[in-house]
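Spelled out, the chains give:
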Amino acid sequence: MQTTARVAVIGGGVVGCSVLYHLTKLGWSDVMLIERSELTSGSTWHAAGGFHTLNGDTNMAALQGYTIRLYKELEEITGMSCGLHHVGGVTLADNRDRFDMLLAERAKHRYMGLETEIVGPEEIRKIAPITNTDGILGALYDPLDGHLDPSGTTHAYAKAARMGGATIETQCKVIETNPREDGTWDVVTEKGTIHAEHVVNAGGLWAREVGAMAGVYLPLHPMEHQYIVTDDIAEIYERNEEHPHVMDPAGESYLRQEGRGLCIGFYEQPCKPWAVDGTPWDFGHELLPDDLDKIEDSIEFAYRRFPVLEAAGVKSVIHGPFTFAPDGNPLVGPVPGMRNYWSACGVMAGFSQGGGVGLMLAQWMVEGECERDVTAMDVARYGDWITPGYTRPKVIENYQKRFSVAYPNEELPAARPFLQTPMYDVFDRMGAVWGHQYGLEVVNYFAEGDEPRFETPSFRRSNAFEATAREVKAVREAVGINEVHNFGKYLVTGKNARIWLDRIMAGRLPKPGRISLSPMLSHKGRLIGDFAISCLSNEAFQLTASYGAQANHMRWFEANEVKGVIVENISDRLNGFQIAGPKARAVLAACTRSDIGDMRFMDLRHITVGMVECLVQRVSYTGDLGYEIYCDPMAQRALWHALWTEGQNHGMRPFGMRAMMSLRLDKFFGSWLNEFSPDYMPGETGMDRFTSFDKPMDFIGREAAEAERDAGAARKLCAFEVEAIDADVAAYEPIWIDGKVQGFCTSGGYSHYAGKSIALGLIPTAQAQDGLEVQIEILGEMCPARLITTPLFDADGARMRG
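All values reported here derive from a predicted model rather than from experimental measurement. (Residues numbered from 1 in each chain as written. Predicted model: local features only at pLDDT ≥ 70, side-chain atom pairs only at ≥ 80, totals over all residues. Heavy atoms only, no water.)

(A) Structural view of the overall build of the chain. Helices and strands together make up the secondary structure of the chain, namely 20 helices and 37 strands. Against the globule reference of 28 Å for 802 residues, the chain gives a C-alpha radius of gyration of 27 Å, in line with a compact fold. Sorting the 802 residues of the chain into buried and exposed places 60% on the buried side. Put simply, 72% of the contacts in the chain that link residues at least 6 apart link residues at least 24 apart. Of the accessible surface of the chain, which amounts to about 30000 Å², a share of 49% is contributed by carbon and sulfur atoms. For the chain, the distance from the average position of its 75 positive side-chain charges to the average position of its 107 negative side-chain charges is 6 Å. (Helix = DSSP H or I, 4+ residues; strand = E, 2+ residues; numbered from the N terminus. Rg over C-alpha atoms; globule rule 2.2 N^0.38 Å. Buried < 20%, exposed > 50% of the residue type's maximum accessible area, 1.4 Å probe, protein only. Contact = heavy atoms within 4.5 Å. Areas by Shrake-Rupley, 256 points an atom, 1.4 Å probe, with all protein chains shown as cover. Lys, Arg positive; Asp, Glu negative; His and termini not counted. Charge placed at Lys NZ, Arg CZ, Asp CG, Glu CD.)

(B) Geometry of the layout of surface pockets. As a volume, the second largest pocket reaches approximately 580 Å³. What lines the second largest pocket is a set of 26 residues, among which Pro336, Tyr382, Gly383, Asp384 and Ala551 lie closest to the centre. Sorting elements by how many residues they give to the lining of the second largest pocket places helix α14 (residues 550-559) first, with four residues. Residues that form the lining of the second largest pocket fall into these classes: 17 nonpolar, six polar and three charged. (1 Å grid on protein atoms, 1.4 Å probe; cavity = no way out; pocket = protein on both sides within 12 Å on 5 of 7 lines; lining within 4 Å. Points joined across faces, edges and corners; volume = space filled by probe spheres on them. Nonpolar A, V, L, I, M, F, W, Y, C, P; charged D, E, K, R; others polar.)

(C) View of the side chain of Asn560. Along the polypeptide, Asn560 turns up in the loop between α14 and β26 (566-569). Accessibility expressed as a relative area gives 11% for Asn560, which makes it buried. Within the structure, the side chain of Asn560 is placed 2.9 Å from the backbone oxygen of Trp556, a separation counted as a polar contact. When near neighbours in sequence (up to four residues on either side) are disregarded, Asn560 contacts Trp500, Arg503, Ile504 and Ile700. (Polar contact = N/O pair within 3.5 Å; in protein donor to acceptor, adjacent residues only side chain to side chain.)

(D) Representation of helix α9 (residues 350-367) in the model. Here α9 contains 18 residues, and its C-alpha end-to-end distance of 24 Å stays within 8% of the 26 Å for a straight helix at 1.5 Å per residue. Where burial is concerned, most of α9 is hidden: 16 out of the 18 residues are buried. In the stretch just after α9, Gly368 is the one whose phi turns positive, near 90°. (Expected span 1.5 Å × (residues − 1).)

(E) Structural context of the side chain of Asn409. Relative to the helices and strands, Asn409 is located in the loop between α10 (388-400) and α11 (424-429). A distance of 3.0 Å separates polar atoms of two side chains, one belonging to Asn409 and the other to Glu455.

(F) Quick peek at helix α12 (residues 465-477). With 13 residues, α12 extends 18 Å from end C-alpha to end C-alpha; this agrees with the ideal 18 Å at 1.5 Å per step. Inspection of α12 places Ala467, Thr468, Glu471, Val472, Ala474, Val475 and Arg476 among the buried residues, and these make up the whole buried set. Buried-residue contacts for α12 involve β20 (440-446), β21 (479-483), β27 (575-580), β31 (652-654), α17 (657-666) and α20 (798-801).

(G) The nonpolar core, seen in detail. Residues Val9, Leu23 and Val200 are the most contacted members of the largest nonpolar core, which totals 65 residues. Residue contributions to this core peak at eight residues, all from α9. Excluding its chain neighbours within four sequence positions, the residues that come into contact with Val9 are Gly16, Val19, Leu20, Leu23, Met32, Leu33, Ile34, Val200 and Ala202. Of all hydrophobic cores here, the second largest spans 42 residues; its members include Val174, Ala196, Leu220 and Ala325. (Core = buried A, V, L, I, M, F, W, Y, C linked by side-chain atoms within 4.5 Å.)

(H) The pattern of salt bridges, seen in detail. On inspection of all chains with the given rule, the structure shows 49 salt bridges. For Arg600, the salt bridge is made with Asp603, and the minimal N-O distance between the two is 3.4 Å. Take Asp603: its relative accessible area is 6%, and that puts it in the buried class. Several salt bridges share partner residues, and in doing so they unite Arg96, Asp100, Arg460 and Asp726 into one network. (Salt bridge = Lys/Arg side-chain N within 4 Å of Asp/Glu carboxyl O.)

(I) Molecular detail of the sheet that holds strand β12 (residues 221-230). With respect to topology, eight strands assemble into an open sheet ordered β5-β6-β4-β13-β14-β15-β12-β16, the strand pairing being mixed. With partners counted over all chains shown, the strands left at the sheet margins are β5 (117-119) and β16 (314-324), one partner each. Shown here is a sheet whose adjacent strand axes are inclined to one another by a mean of 25°, direction ignored. Sheet topology note: the β12/strand β15 (residues 261-266) ladder contains four bridges and is antiparallel. In the strand pairing of β15, Val229 is matched with Cys263. (Pairing = 2+ DSSP bridges. Axes fitted to C-alpha atoms, helices over the stretch in contact; angles between N-to-C directions.)

(J) Quick look at the packing of aromatic side chains. Enumeration according to the criterion identifies 30 aromatic pairs in this entry. Relative to Trp434, the ring of Tyr424 lies with its centre 4.3 Å away and its plane at 25°, an arrangement referred to as stacked. Of this pair, Tyr424 sits in helix α11 while Trp434 sits in strand β19 (residues 432-437), and the two are ten residues apart along the sequence. Under the relative-accessibility criterion, Trp434 is labelled buried at 14%. Ring geometry for Phe427 and Trp640: centres 5.4 Å apart, planes at 90°, overall edge-to-face. In this pair, Phe427 is assigned in helix α11 and Trp640 in helix α16 (residues 636-647), connecting sequence segments 213 residues apart. Exposure remark for Trp640: the relative accessible area of 8% places this residue in the buried category. Just above the ring of Trp206 sits the side chain of Arg36; from NZ or CZ to the centre is 3.9 Å. When the ring centre of Tyr753 is taken as reference, the NZ or CZ atom of Arg476 above it lies at 5.7 Å. (Phe/Tyr/Trp six-rings, centres within 6.5 Å; stacked < 30°, edge-to-face > 60°. Lys NZ or Arg CZ within 6 Å of the ring centre and 35° of its normal.)

(K) Quick peek at empty space enclosed by the protein. According to the stated counting rule, one finds two cavities of 30 Å³ or more in the structure shown. Its boundaries defined by the atoms lining it, the second largest cavity holds a volume of some 70 Å³. Among the secondary structure elements, those contributing two or more residues to the lining of the second largest cavity are β4 (89-93) and β6 (138-142). Looking at the lining of the second largest cavity element by element, the count peaks at three residues for β4. Taken together, the residues of the lining of the second largest cavity sort by class into four nonpolar, four polar and two charged.

Okay, here's the thing in structure tokens:
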């Protein structure tokens with residue numbers, strides 16, 4: 001057996017083989033795969049083998065499109081058959097919300113180059129004639145939908161990898177993974193030890209156990225999943241062509257042709273987690289006992305939707321486990337806190353996503369970053385706060401909602417509340433309607449009187465509309481208060497802190513007592529962070545950014561660490577409040593003996609507010625006169641008492657994230673993972689104005705950012721006033737210019753201050769002129785929109801800066 005390798009991939013399912021192949025495709029030939037049994041011995045062998053492009057995350061949908069197109073390439077490379085059946089498929093909608101979701105997905109597909117279309121009941125009956133369309137409003141048709149041979153496809157990946165120089169060792173169980181001081185690994189197996197520079201955990205059903213060998217907890221859990229293959233059905237085998245796929249969200253089922261009959265699988269509500277305390281090492285090429293009782297209701301529904309099933313006999317029942325992450329997306333990338341340890345786990349839809357996962361992980365390893373934003377599947381989207389007790393109920397919830405409508409404003413309830421600040425019970429008594437981010441409870445808005453404490457999930461304006469309007473009005477006319485807990489916060493200290501930050505950050509660093517804004521760039525110049533930098537002293541800085549990006553940002557900081565610099569994640573060690581609005585200064589002045597009258601915009605000071613020692617920063621994401629006030633969480637309730645008590649003399653109201661996201665639209669402020677993400681460069685998003693091209697330090701990403709500046713960005717982030725009716729832009733709606741899709745929306749919403757629907761989006765720079773008339777497709781409606789360049793509020797910045 002080979003005893004050294006650049007990369008050791010653990011796990012011989014479709015994902016492990018895809019990773020192996022893509023590493024060779026990108027030029028790394030000294031790579032090997034280690035499998036405890038034979039290839040496909042986990043979930044792969046009993047998978048139904050379906051593939052489709054539909055995914056709520058646009059980048060995931062694009063990667064699924066890549067995966068599907070890859071199969072023909074594999075066949076050409078290897079001469080092997082993947083057993084491809086490109087039969088197309090329809091996803092049914094039996095109510096308005098499901099139809100809205102399909103309309104939104106179709107709109108996204110326009111600029112992605114995916115040729116899907118909306119079809120009505122009559123067309124559905126022509127495409128999929130066994131479907132009972134009673135009560136069906138329409139469907140999304142995707143010609144790329146289909147199925148394949150799971151074993152043949154996996155072996156095609158494996159052969160292509162071997163042709164590229166990879167080796168595969170089967171019947172070789174991994175016993176230990178031990179890190180060396182230089183960051184390399186000893187992978188101890190039953191056949192001996194392999195010294196590898198990198199380890200990839202593609203363990204599938206055993207990924208938890210493989211991770212535990214390295215001291216890593218991966219938030220995964222297997223679920224029992226069942227599908228049925230019928231006997232021959234005349235309506236199927238008498239057709240001249242293969243019957244297409246049918247996804248029926250109402251019935252929680254997917255259906256396709258299998259031979260002369262049908263295969264139908266279910267995501268039933270009375271689902272069951274499997275192997276709660278660990279996957280047995282001796283499990284493999286066997287199935288779980290049939291459990292038709294748990295899918296009884298699903299089968300009954302399927303008989304109504306597909307009447308031919310009722311008279312069909314059952315040829316076989318396939319009941320086996322699949323592994324899920326809490327949100328259903330894969331866990332991919334470098335594991336935070338580890339050196340050269342990579343995850344390729346939780347890929348539940350292996351034959352829709354496996355190729356894209358392999359490509360992205362290989363790019364990450366070989367080139368240092370991916371070609372697109374992979375936040376939706378980045379293993380770092382979960383921090384060290386997550387536990388098995390949290391993972392299991394979230395996985396169950398995700399399984400049960402596998403075919404449910406995914407609303408842009410939905411807050412799922414399982415495993416909540418979990419992380420809470422000292423203000424949770426105070427805000428809860430005040431009528432808080434809660435959301436969550438990175439495990440933390442965050443106020444979305446405050447219900448009053450007999451208003452429900454639940455926001456109705458919708459693609460259109462929800463029942464939070466009036467409450468949000470109240471909170472916006474309070475901020476713009478008096479003063480609002482909210483918590484600053486959902487900022488990621490980092491303390492950077494040491495004699496080399498300024499030098500290090502000057503390299504890590506693309507922007508100008510502030511002087512002591514001042515704040516600056518800066519993008520953080522990847523080596524290819526892509527946006528990987530959007531930071532406020534507070535200079536506490538020449539050797540101490542506080543950074544604030546998105547709360548949900550903590551593990552991602554710390555991973556980057558640690559990958560670029562230097563001597564003489566200490567970086568601490570203090571996100572939960574520092575809390576406090578933001579106050580904003582024309583009366584914010586009056587409230588703060590009344591709560592402190594310090595003179596704040598000469599405190600300029602972007603100043604910071606240490607002052608006592610009430611009884612509490614605080615760091616006060618004059619800055620606000622609302623675009624109004626405002627202050628961020630940070631303190632020890634132990635003293636947060638005392639700080640609240642001081643600010644809230646005085647605030648009552650000035651009309652203070654609490655406000656939540658719904659109001660915050662409306663307020664930021666008044667100033668066309670972008671937000672993280674909407675306008676700013678690894679999909680974009682600084683020039684096209686306007687972040688070049690915070691990039692210090694004249695500073696002497698050779699900051700990370702400088703060369704790429706300068707190249708963009710010199711060539712000119714091909715597209716530009718712009719704001720639009722939209723003639724919307726009852727639904728506003730969420731994200732990725734296409735922008736039509738001169739009858740063609742030439743751009744897309746990054747985010748949007750309703751400006752309650754201006755009483756207007758606003759969208760932010762990227763269009764060709766040459767077209768980006770004030771007053772440009774466009775159309776934005778929202779839920780199938782072509783809404784007229786006009787490009788605007790003057791902010792809706794405080795256009796000259798007099799209130800924010802004055």
